[in-house]
Amino acid sequence: MATARLDYVAPWWTYWLHNFPHFNLRFQPVNNTFQPEEASYQQSVIFLACVGAVGASLSLLVLAVYLVCLCCCRRKGDEDTKRPDTCCVTWVAVVTGLVICSAVGVGFYGNSQTNDGVYQLTYSLYSANHTLDGINSMVAGSVSNIENKLKQHLERLDEIFAARADYIQSLRFIRLMVNNIIQELTALPNISQTKVYLAAFAEKTAFIEYYRWLIYLLLLILDLVICLGMCLGIVPSCSACFLCVVVLLQVTSDFCVSPVRYIVNQTQDFLSADIAHYYLFCSPNLQNPFQQSLTICQRSLTTMQIQIQGLLRFSVPVFPAAQRDLLGIQRLLNSTEFSVHQLTALLDCRGIRKDYLDALMGVCYDGVEGLLYLSLFSLLSACALSAMLCVIFRLWTLMGSREKEYNDIDAEDPFNPQARRLSYNPQRSNTHSFCSYISSLGSQASLHPPPQSTSNSTIPPPEYMNQSMLFGEVPRYENVPLIRRGSPPPSYSPSMRTTYLSMTDAQIRRFGTDFQV
């Protein structure tokens, strides 16, 4: 996207954030221009951080008050509602879970976008730093070759051509051209400070971005995996992350709206405004500030090449010893001329301008967009996890009321499983079951049924048969009574009931009244 643009245009969201009112600590409006070294701008950033901190504190306070009220009103709510409705709590939990999952997805995307933008920024800074390093190397190498090696050759030629005044005059002219080249190369702005500044800024930015990306990644994983168990710790952390992201958004947007002014102010100590504007705008109407120096160097080198070729042609037949030094000077001039051509290409504004645009696109487009998504993630996570806290405490209240309702069941209710378990007493070893009574008699045939009554009245069924008929239209019968049970079976078949009622008085005295209806 950066390579396709010919000029930088700040995105609309940076203008929207930049136009946000800036106030100092005295609640007075201040200039929103990006000036981090100014005290008024620093106060506006601190004011924005304080406003966010107050908002986060108020939200946490409201949440704490709600939870305290919920805990204090738990007993009263349990008395008022015997069976509370859990439908609302369930839907709130479901919606909160969906919001958390959506927030985590938005957070992953925003974290990736921010990391891509910062990576593009650092890559562009390293690329521009490599260009500046190449310029310094070219200038330093050319000056060193001319001052040391070329002058040594000229000194030996002075000794060889001492008897020829015309050759000495050519050597003086060559020495004059050498001084012009050295003067023009040393007159170039010392951009080594710019190189150091870019390298330090790129390293610091990469270091901070690595830990920011790692912290957000761990927070996203924590929010996704154990959001229910760690929500008490995630809610403050989400609020803190939201506060940091808002401050970063404000500062970055102020920079993206007017980056040229800030860069010119930062480089005015070692770069003139004309050079800074030439590289930042790279307009055809702006002249290359190094063009005159490079032209003088190129012409001087051409003149020196002509002089050396003339000496090789006319002086070597007379002074053969001068050939070695003249060829050495020619090789140095060729290498210097090649270095000047490379230096001309490196000093052109198009390379550094491309790195500048790539850095701005990375910060102001991908970076700010990622920060917007991260702020949305922090806001949604804080709200959703706060709602999840309320749901958790509400579920705890409903579980307590349900346990109380279960404990209120009558212990003597025959349909209560807990009452059935408590009704069994191991100390009642003298209780005889109906099966033991049948086995002691040998068979049911030894029992004589009582005489049938001639009246039309029927014997009413026992209470447990009435209970079985109460919950079903047809009474249930069990052919075999339950073994090891302290209470009789719920119902009997007609034959078993006849046998049960045919017990004599002697049998009753022997086995007791455990089976008496």
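In the nomenclature of an unreviewed UniProt entry, the chain is known as Protein tweety homolog of Nothobranchius furzeri. Check the Sequence similarities (unreviewed entry) section of the UniProt entry for the chain; it says "Belongs to the tweety family."

Observations regarding the packing of aromatic side chains
As enumerated under the stated definition, the model contains 18 aromatic pairs in all. A centroid spacing of 6.2 Å and a plane angle of 80° characterise the contact between Y167 and F319, whose relative ring orientation is edge-to-face. Taken together, the positions of Y167 in helix 5 (residues 165–186) and F319 in the loop between helix 10 (291–314) and helix 11 (322–346) put the pair 152 residues apart, joining distant regions of the chain. Each of the two residues, Y167 as well as F319, counts as buried. Between Y210 and Y211, the aromatic rings sit 5.2 Å apart at their centres with planes inclined by 80°, giving edge-to-face as the arrangement. On the accessibility criterion, Y211 (41% relative accessible area) is partly exposed. Put simply, the rings of F34, Y41, F255 and Y262 touch in pairs and so form one group of aromatic residues. A cation over an aromatic ring shows up here: R164 above the ring of Y167, its NZ or CZ 4.3 Å from the ring centre.

Structural notes on the UniProt feature "transmembrane region" (unreviewed entry) in the chain
Taking the numbering used here, the UniProt-annotated feature "transmembrane region" (unreviewed entry) corresponds to residues 45–68, 88–109, 213–235, 242–264 and 371–396. Between the first and last C-alpha atoms of residues 45–68 the distance is 35 Å; the span itself is 100% helix and 0% strand. Counting secondary structure, residues 242–264 comes out at 96% helix and 0% strand; the distance between its end C-alpha atoms is 32 Å.

Quick word on helix 11
Relative to the 36 Å expected for 25 residues at 1.5 Å per residue, helix 11 spans 36 Å between its end C-alpha atoms, a close match to the ideal helical length. Of all the residues in helix 11, the buried ones are A322, D325, L326, G328, I329, Q330, L332, L333, T336, S339, V340 and L343.

What about the environment of S44?
Note that S44 resides in helix 2 (residues 39–72). Sequence separation between S44 and V30 is 14 residues, and the spatial gap between their C-alpha atoms is 7.5 Å. Beyond its immediate stretch of four places on either side in the chain, S44 contacts H22, F23, N24 and V30.

What counts, and at which threshold
Residues numbered from 1 in each chain as written. Predicted model: local features only at pLDDT ≥ 70, side-chain atom pairs only at ≥ 80, totals over all residues. Heavy atoms only, no water. UniProt positions renumbered as here; feature names shortened; annotations may be inferred. Phe/Tyr/Trp six-rings, centres within 6.5 Å; stacked < 30°, edge-to-face > 60°. Helix = DSSP H or I, 4+ residues; strand = E, 2+ residues; numbered from the N terminus. Buried < 20%, exposed > 50% of the residue type's maximum accessible area, 1.4 Å probe, protein only. Lys NZ or Arg CZ within 6 Å of the ring centre and 35° of its normal. Expected span 1.5 Å × (residues − 1). Contact = heavy atoms within 4.5 Å.

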